[in-house]
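For reference, the chains in residue letters:
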There are 2 protein chains.
Amino acid sequence: MYPEPIARLIDSFLKLPGIGQKTATRLAFYSIEMDEDDVALFAKSLLSAKRDLSYCTICGNLTKDDPCDICKDNSRDGSTILVVEETKDVLAMEKMRNYHGYYHVLHGVISPIEGVGPDDLNLASLLQRLHNPEVQEVILATNANTEGEATAMYLSRLIKPSGITVSRLAHGLSVGSDIEYADEVTLAKAVEGRREL
Amino acid sequence: MYPEPIARLIDSFLKLPGIGQKTATRLAFYSIEMDEDDVALFAKSLLSAKRDLSYCTICGNLTKDDPCDICKDNSRDGSTILVVEETKDVLAMEKMRNYHGYYHVLHGVISPIEGVGPDDLNLASLLQRLHNPEVQEVILATNANTEGEATAMYLSRLIKPSGITVSRLAHGLSVGSDIEYADEVTLAKAVEGRREL
């Protein structure tokens with residue numbers, strides 16, 4: 001019904017997650033009202049992001065150069081590897097400015113419901129890295145949900161026999177949150193993990 | 001913080017309406033996981049929608065060829081012109097399959113708050129079209145909100161002196177709706193516009 005060029009653009013927007021027919025139509029119509037330069041830059045960014053980025057062969061982080069800037073950085077602490085689900089988690093951790101070790105990105109979690117098993121994760125290169133005698137601790141920073149916990153459990157069983165310390169991020173109250181509004185499971189974990197002052 | 005190609009893509013998504021930092025990041029990361037073909041098609045669609053589409057010089061509708069398919073269609077009823085705010089409204093009307101006249105797209109409404117006056121609308125070509133003695137009625141189908149009503153009022157005053165009939169879409173209850181849930185203004189309009197059976 002729409003002229004073909006816009007119909008095709010709507011279809012492309014529709015392929016993105018969480019974008020339905022109405023939003024796709026709105027975005028497509030907005031795009032053709034944008035500056036020519038902005039549209040050209042958008043198209044170029046799409047192609048460049050797809051073509052110029054790859055995953056670091058060491059840690060699996062998204063990077064322009066291989067190995068990535070973090071893996072190349074010799075000033076970091078080689079004794080710890082922090083394992084996360086996605087590239088975005090590396091960024092979140094780096095924002096904290098409190099961790100100076102290396103990372104490993106799994107690109108997913110074990111999820112039988114979605115048919116994702118250990119073989120679908122970026123695990124082989126992690127096990128490879130553990131052969132390095134410098135590595136003393138693996139911090140499992142998968143998300144605090146069922147899949148994240150299951151994946152952490154799996155990794156823990158896999159890594160522990162090699163004698164490397166395996167740790168998991170602490171559970172508890174968010175900083176600034178009210179006890180009144182915390183869910184029971186979080187509260188139970190907060191009590192369980194209480195620390196002497 | 002993110003590698004440059006993805007940071008630029010996030011920026012591009014951020015320029016779209018209703019897309020904030022989190023959604024833009026999610027869409028950008030999703031895009032680089034898409035098939036290479038899909039990404040190439042997306043980029044091509046963006047450029048093509050911007051370059052190959054223009055506004056019909058007669059009615060202002062978005063089109064690949066000028067004049068647009070509707071204006072070129074001689075089988076339509078030349079006695080009526082239906083005036084809408086946006087290209088999308090033409091599509092909505094055409095879906096109805098009940099109207100066989102021509103259209104005119106204003107590309108906006110008069111809105112003092114947003115600094116849009118009559119001169120910013122696609123009006124000159126509408127007045128030009130009214131010189132055609134075939135035109136007998138102009139149907140004002142701007143939206144049923146304050147700006148739409150004000151624009152309809154303005155157009156009505158502008159066109160009526162030329163002797164052409166000016167009409168407005170009926171207000172009333174949506175088909176299938178409950179009186180209980182209708183707002184008072186709509187209900188008042190429905191009573192006011194009641195028809196004998």
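Computed from a predicted structure; not experimentally measured.

Here's the deal with the pairing of strand β5 (residues 137-140) of chain A
Residue and element names in this part refer to chain A. Inspection of the sheet shows strand β3 (residues 80-84) paired to β5 by four bridges, in the parallel sense. The residue bridging Ile 81 from the neighbouring strand is Val 138, located in β5. The pairing of β5 with strand β6 (residues 165-168) spans four bridges and is classified as parallel. Bridge pairing links Ile 139 to Ser 167 in β6. For the crossover that starts at β5, traverses helix α7 (residues 146-159) and ends in the parallel β6, the hand is right-handed.

Description of the domain arrangement of chain A
By a widely used convention, the size of an interface equals the accessible area lost when the partners come together. Domain boundaries assigned for chain A yield domain 1 (4-52) and domain 2 (62-170). Spacing between the C-alpha centres of domain 1 of chain A and domain 2 of chain A amounts to 34 Å.

Re the packing of helix α2 (residues 21-33) of chain A against helix α3 (residues 36-52) of chain B
Look at α2(A) against α3(B): their axes get within 8 Å of each other, and the N-to-C directions meet at 60°. Accordingly, the angle class assigned to the pair α2(A) and α3(B) is oblique. In the packing of α2(A) onto α3(B), the handedness of the crossing is right-handed. In this structure, α2(A) uses Ser31(A), Ile32(A) and Glu33(A) to contact α3(B), whose residues at the interface are Leu46(B), Ala49(B) and Lys50(B).

Considering the nonpolar core
Nonpolar side chains in soluble globular proteins tend to end up buried together. Residues Phe13(A), Phe42(A), Phe13(B) and Phe42(B) are the most contacted members of the largest nonpolar core, which totals 38 residues. Elements represented by at least two residues in this core include exactly α1 (4-14), α2 and α3 (36-52) of chain A together with α1 (4-14), α2 (21-33) and α3 of chain B. Not counting residues up to four positions away in its chain, the partners in contact with Phe42(B) are Leu9(A), Ser12(A), Phe13(A), Leu16(A), Phe42(A), Leu46(A) and Phe13(B).

Structural notes on the interface of chain B and chain A
The partner chain A presents 50 residues to the 50 residues of chain B that form the contact. In this assembly, chain B packs against chain A so that about 4900 Å² is buried in total across both faces, 73% of it on carbon and sulfur atoms. Of all residues in chain B, Phe42(B), Leu46(B) and Lys50(B) give up the largest surface area on contact with chain A, accounting jointly for 13% of the area buried on that side. Applying the counting rule to chain B against chain A returns four salt bridges. Notably, a salt bridge pairs Asp38(A) with Lys15(B), separated by 3.5 Å at the nearest N-O pair.

Comments concerning the relation of the copies chain B and chain A
In the superposition of chain B on chain A (RMSD 0.1 Å, axial shift 0.0 Å), the rotation amounts to 180°. The symmetry that links the two subunits is that of a two-fold axis. Scanning chain B for the C-alpha nearest the rotation axis identifies Ala43(B), at a separation of 2.2 Å.

Looking at the pattern of salt bridges
Inspection of every chain in the model, using the stated rule, returns twelve salt bridges over all chains. Residue Arg168(A) is joined to Glu149(A) by a salt bridge in which the shortest nitrogen-to-oxygen separation is 3.4 Å. One end of the pair, Arg168(A), is in strand β6; the other, Glu149(A), is in helix α7, and 19 residues separate them in sequence. Taking relative accessible area as the criterion, Glu149(A) reaches 27% and is therefore assigned partly exposed. In the salt-bridge network here, residues are joined through shared partners; they are Glu4(A), Arg8(A) and Lys64(B).

Here's the deal with unusual backbone geometry
Residue and element names in this part refer to chain A. That bond from Asp 66 to Pro 67 is cis: its omega, -5°, falls within 30 degrees of zero. One can find Pro 67 in the loop between β2 (62-63) and α4 (69-72). Positive phi outside glycine occurs at Arg 97, with the angle close to 55°. Turning to its location among the elements, Arg 97 is positioned in the loop between α5 (87-96) and β4 (102-105).

Here's the deal with the state of the cysteines
All chains considered together, the criterion is met by zero disulfides over all chains. Among the cysteines around Cys68(A), which has no disulfide bond, Cys59(A) carries the closest sulfur, lying 3.7 Å off.

A closer look at the sheet that holds strand β6 (residues 165-168) of chain B
Residues and elements named next belong to chain B. The four strands are arranged β4-β3-β5-β6 in an open sheet whose pairing can be described as parallel. On the outer flanks of this sheet lie β4 (102-105) and β6, each paired with one strand and no other. Strand-to-strand twist in this sheet, taken as the mean axis angle between neighbours without regard to direction, amounts to 25°. The pairing of strand β3 (residues 80-84) with β4 spans four bridges and is classified as parallel. Looking at the pairing, Ile 81 lines up with Tyr 102 of β4. Across the face of the sheet, helix α5 (residues 87-96) comes into contact with β3 and β4 while running at roughly 155° to β4. Across the sheet, helix α7 (residues 146-159) lies against β3, β5 (137-140) and β6, angled at about 170° from β6, the strand it touches most.

About the criteria used
Residues numbered from 1 in each chain as written. Chains lettered and ligands numbered in written order. Predicted model: local features only at pLDDT ≥ 70, side-chain atom pairs only at ≥ 80, totals over all residues. Heavy atoms only, no water. Pairing = 2+ DSSP bridges. Helix = DSSP H or I, 4+ residues; strand = E, 2+ residues; numbered from the N terminus. Right-handed = clockwise from strand over helix to strand, strands pointing away. Domains from an automatic or database assignment. Axes fitted to C-alpha atoms, helices over the stretch in contact; angles between N-to-C directions. Parallel < 35°, antiparallel > 145°, perpendicular 65-115°, else oblique. Left-handed = near helix turned anticlockwise from the far one by under 90°. Contact = heavy atoms within 4.5 Å. Core = buried A, V, L, I, M, F, W, Y, C linked by side-chain atoms within 4.5 Å. Buried < 20%, exposed > 50% of the residue type's maximum accessible area, 1.4 Å probe, protein only. Buried area = accessible area lost by both parts, 1.4 Å probe. Salt bridge = Lys/Arg side-chain N within 4 Å of Asp/Glu carboxyl O. Least-squares fit on C-alpha atoms with pLDDT ≥ 70 in both. Disulfide = S-S within 2.5 Å.

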